[in-house]
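Geometric and topological summary
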Amino acid sequence: MVGEEYRGTKQWSRNKQAVFTVLWISFLCAAVGTMVFFALFDPADIGGAFDEDLTLDRDAGYAAGFFFFWIFSLACSAITAFLVRTAPRRDAAHRDSPD
Amino acid sequence: MTDPQPASMYESAKKIYPREMGGRFADLSKLATVTLLGLFYIVPWLTWDDRQAILFDLPARKFYLIGLTLWPQDFPFLALFLIIAALSLFFFTALAGRLWCGFACPQTVWTEAFIWMEQLTEGTRSQRMKLDKAPWSWNKIRRKGSKQFLWVTFSLWTGFTFVGFFTPIRELGVEFVTFSVGGWTWFWAVFYGFATYGNAGYMREQVCIYMCPYARFQSAMFDKDTLIISYDEKRGDPRGRRKRSVDPKEAGLGDCIDCTLCVQVCPTDIDIRDGLQYECIACAACIDACDSVMDKMNYPRGLVRYTTEHAMQNEQTHVLRPRMMVYGALLMVLIGSLITTMAIRTPIILDVIRDRNSLYRELPGDMIENIYTIKLINQSNNAREFKLSVEGVEGIHLDGIGNTILVDGGSVLSVPVRARVHRDNAFGVMKIDFIAEALDESGHKRVEDSRFLGPTP
Ligand code: SF4
Ligand code: SF4
């Protein structure tokens, strides 16, 4: 737990930064995506697109849409973060500033 | 000369931890917290015209904003509104820096509320530290337990209120009391409540430092005329400890007594005296801290203060600068167009869907028929009568509906209609217009185009 004994903000480890940033930013993107998507499409109409007999009640439709967007953007940002952070270091001897 | 014996404020300084600094800005931020949270918790309970004044009724796909009802078809308004909101953020950031962060961001506001509950149950920072170090005892359980109780209850109430913006809150309240809340409602209330609990109870300004995109972007909107919180280096340096009786000028010192109080109160643990840093959330705690020291020392306040980079360099601050004028002009145009389009909005929506299953039908008497589904939405709050007609091809007329159609206030009427044209006039694909006209003095009218298919010669 953070914060009981602390003065000022603890330094987060790089992994913690990545996990929470990816979670949070994909959450925000999913929120915007859901909003725009459902402003244009009614979840009650969408069920039929997959299966003619499928009727989705709206509450479930919104939730499903939101989690679809969240998982989608989560995967997208997680993979990006992973690639950025695990890129092989090349030619280390010629790097101008070691970090 | 500096005194080796520190003045009294150095000792007490150790006991001060973030946010226990009272002062002008702390009061202001409390006021902002109370106002904004008050609005959040009260607004869903307000009624207007026998219904919830502000309700984003997702199950019914209608947004009620006081007297206005918005439909999914009004999406352009929402888009325009969001653009305006984003642009306003740019505008205010360029003008006043991170005033938003210090006083209006939900993150700040809820954190403030959670800290208040923490102090209520566990006492001041030093008491809290002692409590944490102490072995488990009845007192510790009681204090920790009541903090968690307050936090969890408050979070749940927050989640409940949040859901109350999307489903009628009064019915929700009844369901809560009678334990008949539906699964999704529970889910969203707990979800939002938990996010509040985590973000405001535990993560706090770490959200600002590590997770907030605005915090990283905002420096791009800053310029030398932006209002920032800054330490007045010219006046403060060289820093040094001294007794109250010592005249700093004689001692060759600036006004900063190097008590580091401004660092100790800083929730993000930065030293404002090192200059503007992106971790600074402009909470103004360091201003309060420094002012209190200046008061004790009998120096003028404002060694740390709201100012601009230009002012710090003894230059003129320009509030009206090109950037502000461009942002301002754009904002005005957008707000103006939002208001005008809202004002001239006709509260009727007409949707025409052509039956996709058939091209056309040939009827006896040399008539060609196309089938459509008409959706007529009456966005006003009262029932109204409409006349539906069609034009665009010679002799085209509708069959299967009466002369007038009645649509209840705020509802949708979906009717199948048949449009007929004599074979001599129907060739290939023709553009036609459906017209819905309100039969009252308003003269409201909506035109929607569609296609009429006839035989290809
Ligand atoms: S940094 Fe971000 S989260 Fe923190 S107060 Fe500012 S806008 Fe809110
Ligand atoms: S430096 Fe910034 S974040 Fe720290 S106390 Fe001052 S205003 Fe608040």
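What you see is a predicted model; the values in this text were computed from it and never measured.

Observations concerning the overall build of chain A
Counting its regular elements, chain A contains three helices and zero strands. Element order for chain A, N to C, with α for helix and β for strand: α-α-α. Counting over 99 residues, chain A shows a buried share of 27%. By sequence separation, contacts in chain A at least 24 residues apart represent 60% of the contacts at least 6 residues apart. For chain A, the exposed surface amounts to about 6,900 Å²; the carbon and sulfur share of it is 65%.

Some details on helix α7 (residues 138–164) of chain B
Taking 1.5 Å of rise per residue, the 27 residues of α7 of chain B would be expected to cover 39 Å, and the 38 Å separating its terminal C-alpha atoms lies within 8% of that figure. Regarding α7 of chain B, the residues found buried are K140, K144, K147, W151, F154, S155, T158, G159, F160, T161, V163 and G164 of chain B.

Focus: the pattern of salt bridges
Within this structure, the stated rule accounts for 26 salt bridges over all chains. K431 of chain B is the salt-bridge partner of D433 of chain B, the closest N and O atoms lying 3.4 Å from each other.

As for the sheet that holds strand β13 (residues 405–407) of chain B
Residue and element names in this part refer to chain B. Taken together, the four strands give an open sheet; going across it, the order is β13-β11-β15-β16, and neighbouring strands pair in antiparallel fashion. Strand pairing shows two members of the sheet lacking a second neighbour, β13 and β16 (445–453), which therefore form its edges. When strand polarity is set aside, the average angle formed by the axes of neighbouring strands in this sheet is 30 degrees. With nine bridges connecting them, strand β15 (residues 429–438) and β16 associate as antiparallel partners. Considered in β16, the bridge of K431 is made with R451.

What about the nonpolar core?
The tendency in soluble globular proteins is for nonpolar side chains to be buried side by side. Residues and elements named next belong to chain B. Of all hydrophobic cores here, the largest spans 32 residues; its most connected members are I229, V293 and V304. Sorting the residues of this core by element identifies α2 (24–42), α4 (99–104), β6 (228–231), α14 (261–265) and α15 (285–297) as the ones contributing at least two each. Per-element accounting of this core gives the leading share, eight residues, to α15. The residues touching V304, leaving out its near neighbours within four places in the chain, are I229, S230, Y231, I272, C286, I287, C290 and D291.

Considering the site of ligand 1
Residue and element names in this part refer to chain B. The environment of ligand 1 is made up of R98, W100, C101, C105, Q107, T108, C208, C212, Y214 and A215. Within the residue set of the shell around ligand 1, elements represented by two or more residues are α4, α5 (106–122) and α11 (213–217). Considered class by class, the residues forming the shell around ligand 1 number seven nonpolar, two polar and one charged.

Details of the site of ligand 2
Surrounding ligand 2, one finds 13 residues, the nearest of these being C266, C280, C283, A284 and C286 of chain B. Of the residues contributing to the shell around ligand 2, the split by class is 12 nonpolar, one polar and no charged.

Re the environment of P76 of chain B
Residue and element names in this part refer to chain B. Checked against the element boundaries, P76 lands in helix α3 (residues 75–96). P76 gets classed as exposed once you look at its relative accessible area, which sits at 54%. Sequence separation between P76 and T93 is 17 residues; the distance between their C-alpha atoms is 26 Å.

Some remarks on the domain arrangement of chain B
Residue and element names in this part refer to chain B. Once the domains are mapped, chain B shows domain 1 (13–345) and domain 2 (348–453). Each partner contributes residues to the interface: domain 1 has eight residues there, and domain 2 has nine residues. Between domain 1 and domain 2, roughly 630 Å² of surface is buried when both sides are summed, and carbon and sulfur atoms account for 46% of that area. Put simply, domain 1 and domain 2 have zero salt bridges between them. Counting the contacts that link domain 1 with domain 2 gives one residue pair in polar contact (both at pLDDT 80 or more). Partitioning the side of domain 1 that touches domain 2 into residue classes produces one nonpolar, three polar and four charged.

A few points about the confidence of the model for chain B
All names here are of chain B. Mean pLDDT for chain B: 85, with 95% of residues reaching 70 or above. Taken element by element, the predicted model of chain B shows its lowest mean pLDDT in helix α1 (residues 8–13) (42) and its highest in α7 (93). Throughout residues 1–17 the model reports pLDDT below 50, and contacts reaching past four residues in sequence, or to other chains, amount to 33 contacts. Taken over the whole predicted complex, pTM reads 0.79, whereas the ipTM for its chain interfaces reads 0.78.

Concerning the sheet that holds strand β3 (residues 54–57) of chain B
Residue and element names in this part refer to chain B. Across the sheet, which stays open at both edges, the three strands sit in the order β3-β4-β5 with antiparallel pairing between neighbours. A strand with exactly one partner marks an edge of an open sheet, and here the two such strands are β3 and β5 (68–70). Taking each pair of neighbouring strands and ignoring which way they run, the sheet shows an average axis angle of 15 degrees. Taken together, the three bridges between strand β4 (residues 62–65) and β5 define a ladder with antiparallel strand orientation. What sits directly across from F63, in β5, is L70.

About the criteria used
Residues numbered from 1 in each chain as written. Chains lettered and ligands numbered in written order. Predicted model: local features only at pLDDT ≥ 70, side-chain atom pairs only at ≥ 80, totals over all residues. Heavy atoms only, no water. Helix = DSSP H or I, 4+ residues; strand = E, 2+ residues; numbered from the N terminus. Buried < 20%, exposed > 50% of the residue type's maximum accessible area, 1.4 Å probe, protein only. Contact = heavy atoms within 4.5 Å. Areas by Shrake-Rupley, 256 points an atom, 1.4 Å probe, with all protein chains shown as cover. Expected span 1.5 Å × (residues − 1). Salt bridge = Lys/Arg side-chain N within 4 Å of Asp/Glu carboxyl O. Pairing = 2+ DSSP bridges. Axes fitted to C-alpha atoms, helices over the stretch in contact; angles between N-to-C directions. Core = buried A, V, L, I, M, F, W, Y, C linked by side-chain atoms within 4.5 Å. Near = heavy atom within 4 Å. Nonpolar A, V, L, I, M, F, W, Y, C, P; charged D, E, K, R; others polar. Domains from an automatic or database assignment. Buried area = accessible area lost by both parts, 1.4 Å probe. Polar contact = N/O pair within 3.5 Å; in protein donor to acceptor, adjacent residues only side chain to side chain. pLDDT = per-residue confidence, 0-100.

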